[in-house]
Amino acid sequence: MLTFLRRRVLTSLLPLLAVVLGVFVLARLTGNPTALYLPENATAQAREQFSAANGFDKPIWSQLLDYLSGVVRLDFGTSLRTGESAAVMALRAFPATLQLAAVTMLLACLVGTAVGCWAALRPNGLADRVSSLLSMTAASVPDFWLAILGIWVFAIMLGVLPTSGVDAGGLSWVLPIAVLMLRPAGVLTQVVRGAMISALGSPYVKVARSKGAGERRVVARHALKNAAPPALTVAGDLAVGLINGAVVVESIFGWPGIGKLLIDAILQRDFAVLQAAVAITAISIFVLNIAIDIGYALLDARVRQKVGAAA
Amino acid sequence: MTAIGMEVSGLTVELTTPRGTTRAVDGVSFTAHRGRTLALLGESGCGKSMTAQAIVGLLEPIASVTAGSVQVDGEDLLKVSRKRRRQLAGPTLSIVFQDALTALNPVLKVGTQLAEPYRIHQRMPAKRARAKAIELMRHVGIPEPESRVDSYPHQFSGGMRQRLLIAMAVALSPKVLIADEPTTALDVTVQAQILALLAQLRKEHDMAVVLITHDLAVVAEEADTVAVMYSGRIVETGPVDEVFEDPRHPYTRGLLDSVPVETERGADLSSIPGAPPDLFAIPPGCPYQARCPLVQDVCRAERPALETRAGRAVACHLAEGTAQ
């Protein structure tokens, strides 16, 4: 298992490096941010000074070397806007995103599993049809539209929830979570339903029933554990999407997370912060993928054995 | 005569499909005695597995029992509540399925699966149930059960997996054991071991065994009584040696003639021409008429009932005439 982890981490380093390089190159393609930060009537001398102070006057490969040597020391430079360490800013914003994503995924998994199982027990029954329609709708609605609709109905018309920010305590969480969890919950319902229908129709479930196992034991002990791997794959993808999609929803709800930081950094050409925010997002996605692989191994002995044999 | 383990009478199973409704099992009756083996013999699609599933109450949703009764210990399994059925599943009636690879849950340890009958029916604590599982594994001939109890199904060979399935089925010494093609997926050498194990357990637990198979050799070797099924019906039944010695139904005779015999080495192997009728287009009269070498007008007009003619139960209009 440890060998497996070590190898996974090592093979993750290459794509991680690609992301770190990519964000550097793409940011530089947008041009020199000096014009954005200095007043229009700034003297040529002042512009040169600003460029030199932030290293923008050096050739691009030299900037890249500076950047990379910083990255390996986990130093992403300082923010042009605030003068603060970019890494510190990213790390400060990250927990807000992580909390939102974790709570959302937890709820989406609970709802998806419960509704999916329920629908699978009576395929094509009323519950199945209704939940299929709802989950399909939920999975297809774009979240930025839903976010705006939610703000309009609950914050403006009814006035029961805050429009944005985190100052209203628990209430601030309601709309962002509701908007974010709808799609994952809908997709997971469909995946769990499909996996459970095939698990419940399998011979080992028949055998379990022939031993006198009740419905609860059949579902929870025999079918669900077999249906879990496909759901886990999809849940992992959805969680990644949630962290990526945070840019949109956090901007709409003024949520002080990594997504908002990222958008602000792009708008301000705050390269150091942008690079730090992208790096932390990429690292979290790699960690998530490794966690999913570990989840597979825990669920299924056949995977464990394969991993053990390959190590 | 030995005690009756299970009495099936008039069992009828209908399939509802987009093509219409049809009878997959049509008025099947037989009696299984304790300590004996009754073989349900027939080719694929004759309704023998459907009969087994109907008895244990595990039919697919498209199939439903429309008539008949299954008496075990004074109770009609087809009439009791679902809860009572679950209570009987294991201690009274048990089934061994054909494909042991898919019949064992791939993500649960075999020990957990073997312990389940004790956990469910006797509410035994996990530790004791595990000890019982080890005991069961040893009993059905699995080497080193103490270390193998925590293994997963894929870590066992086909024969060992079938042993595990059988162990699970006999855990609570049921009165009736249905074995649905238990050796079909196995090598010939392993087949013999599994059949021997079944016979040993049948004697130990005094079980009535219903052996479902298409293998004439298995029937000849293992069964006391045979019921030959064709197109959802039993067409001939009786003690195995009598039926095999002197088959009265043309179908039974056709089956027996298609077995290669040592003395006729080099001769052409005979076979029954044609195929069983489409379940959705069973002709009136005898279902075997299209393949029967002796077919007459009465066979096309009237369905023969399973009647005792000349001392044996046969469903054929010509039964008397064909006895030698």
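None of these values were measured; they are calculated from a predicted model. (Residues numbered from 1 in each chain as written. Chains lettered and ligands numbered in written order. Predicted model: local features only at pLDDT ≥ 70, side-chain atom pairs only at ≥ 80, totals over all residues. Heavy atoms only, no water.)

### With respect to the overall build of chain A
Counting secondary structure elements, chain A contains 13 helices and zero strands. Secondary structure of chain A in N-to-C order comes out as α-α-α-α-α-α-α-α-α-α-α-α-α. Overall, chain A is about 85 × 60 × 30 Å in size when its C-alpha atoms are taken along their principal axes. The buried share of chain A, reckoned over its 311 residues, is 43%. Partitioning the intrachain contacts of chain A with sequence separation of at least 6 by distance along the chain shows that 72% fall at a separation of at least 24. Carbon and sulfur atoms make up 69% of the accessible area of chain A, which amounts to about 15800 Å² in all. For chain A, the centre of its 25 positive side-chain charges and the centre of its 16 negative side-chain charges are spaced 18 Å apart. (Helix = DSSP H or I, 4+ residues; strand = E, 2+ residues; numbered from the N terminus. Buried < 20%, exposed > 50% of the residue type's maximum accessible area, 1.4 Å probe, protein only. Contact = heavy atoms within 4.5 Å. Areas by Shrake-Rupley, 256 points an atom, 1.4 Å probe, with all protein chains shown as cover. Lys, Arg positive; Asp, Glu negative; His and termini not counted. Charge placed at Lys NZ, Arg CZ, Asp CG, Glu CD.)

### Some words on the UniProt feature "transmembrane region" (unreviewed entry) in chain A
All names here are of chain A. Under the local residue numbering, the UniProt record ascribes the feature "transmembrane region" (unreviewed entry) to residues 98–121, 133–161 and 273–299. Secondary structure across residues 133–161 divides into 79% helix and 0% strand, with the first and last C-alpha atoms of the span separated by 28 Å. Here residues 273–299 is 100% helix and 0% strand, with 39 Å between the C-alpha atoms at its ends. (UniProt positions renumbered as here; feature names shortened; annotations may be inferred.)

### Structural notes on the packing of aromatic side chains
Summed over the entire model, instances satisfying the criterion amount to five aromatic pairs over all chains. Ring geometry for W173(A) versus W255(A): centroids 5.0 Å apart, planes at 80°, classification edge-to-face. Here W173(A), found in helix α8 (residues 170–200), pairs with W255(A), found in the loop between α10 (215–253) and α11 (258–267); they are 82 residues apart in sequence, far enough to count as distant. Note on W173(A): relative accessible area 25%, which makes it partly exposed. Note on Y230(B) and Y288(B): the rings are 5.1 Å apart at their centroids and 85° apart in plane angle, and the pair reads as edge-to-face. Linking Y230(B) in strand β9 (residues 225–230) with Y288(B) in the loop between α11 (250–257) and α12 (297–301), this pair joins segments that are 58 residues apart in sequence. When sorted by exposure, Y230(B) lands in the same class as Y288(B), which is buried. Counting every residue linked through ring pairs, the aromatic cluster contains Y230(B), Y251(B) and Y288(B). (Phe/Tyr/Trp six-rings, centres within 6.5 Å; stacked < 30°, edge-to-face > 60°.)

### Some remarks on the interface of chain A and chain B
At the interface, 22 residues of chain A touch 28 residues of chain B. Counting the surface chain A buries against chain B, the share from its top three residues, K206(A), S210(A) and K211(A), is 29%. Across the contact surface, chain A and chain B share three salt bridges. Across the pair E116(B) and R217(A) runs a salt bridge whose closest N-O atoms are separated by 3.0 Å. Scanning the region where chain A abuts chain B turns up eleven residue pairs in polar contact (both at pLDDT 80 or more). Among the secondary structure elements, those contributing two or more residues to the side of chain A that touches chain B are α9 (203–210), α10 and α13 (301–310) of chain A. Considered class by class, the residues forming the side of chain A that touches chain B number six nonpolar, six polar and ten charged. (Buried area = accessible area lost by both parts, 1.4 Å probe. Salt bridge = Lys/Arg side-chain N within 4 Å of Asp/Glu carboxyl O. Polar contact = N/O pair within 3.5 Å; in protein donor to acceptor, adjacent residues only side chain to side chain. Nonpolar A, V, L, I, M, F, W, Y, C, P; charged D, E, K, R; others polar.)

### Regarding the side chain of H222(A)
Note that H222(A) resides in helix α10. The exposure class assigned to H222(A) is buried, which follows from its relative accessible area of 1%. Within the local environment of H222(A), its side chain forms a polar contact with the side chain of E116(B), the two groups lying 2.7 Å apart. Apart from the residues within four sequence positions on either side, H222(A) is in contact with Y204(A), V205(A), A208(A), R217(A), N105(B), L108(B) and E116(B).

### Focus: the side chain of S210(A)
Along the polypeptide, S210(A) turns up in helix α9. Residue classification places S210(A) among the buried positions, given a relative accessible area of 9%. For S210(A), the side chain forms a polar contact with the main-chain oxygen of V207(A), separated by 2.7 Å. Not counting residues up to four positions away in its chain, the partners in contact with S210(A) are L58(B), A89(B), G90(B), I95(B) and F97(B).

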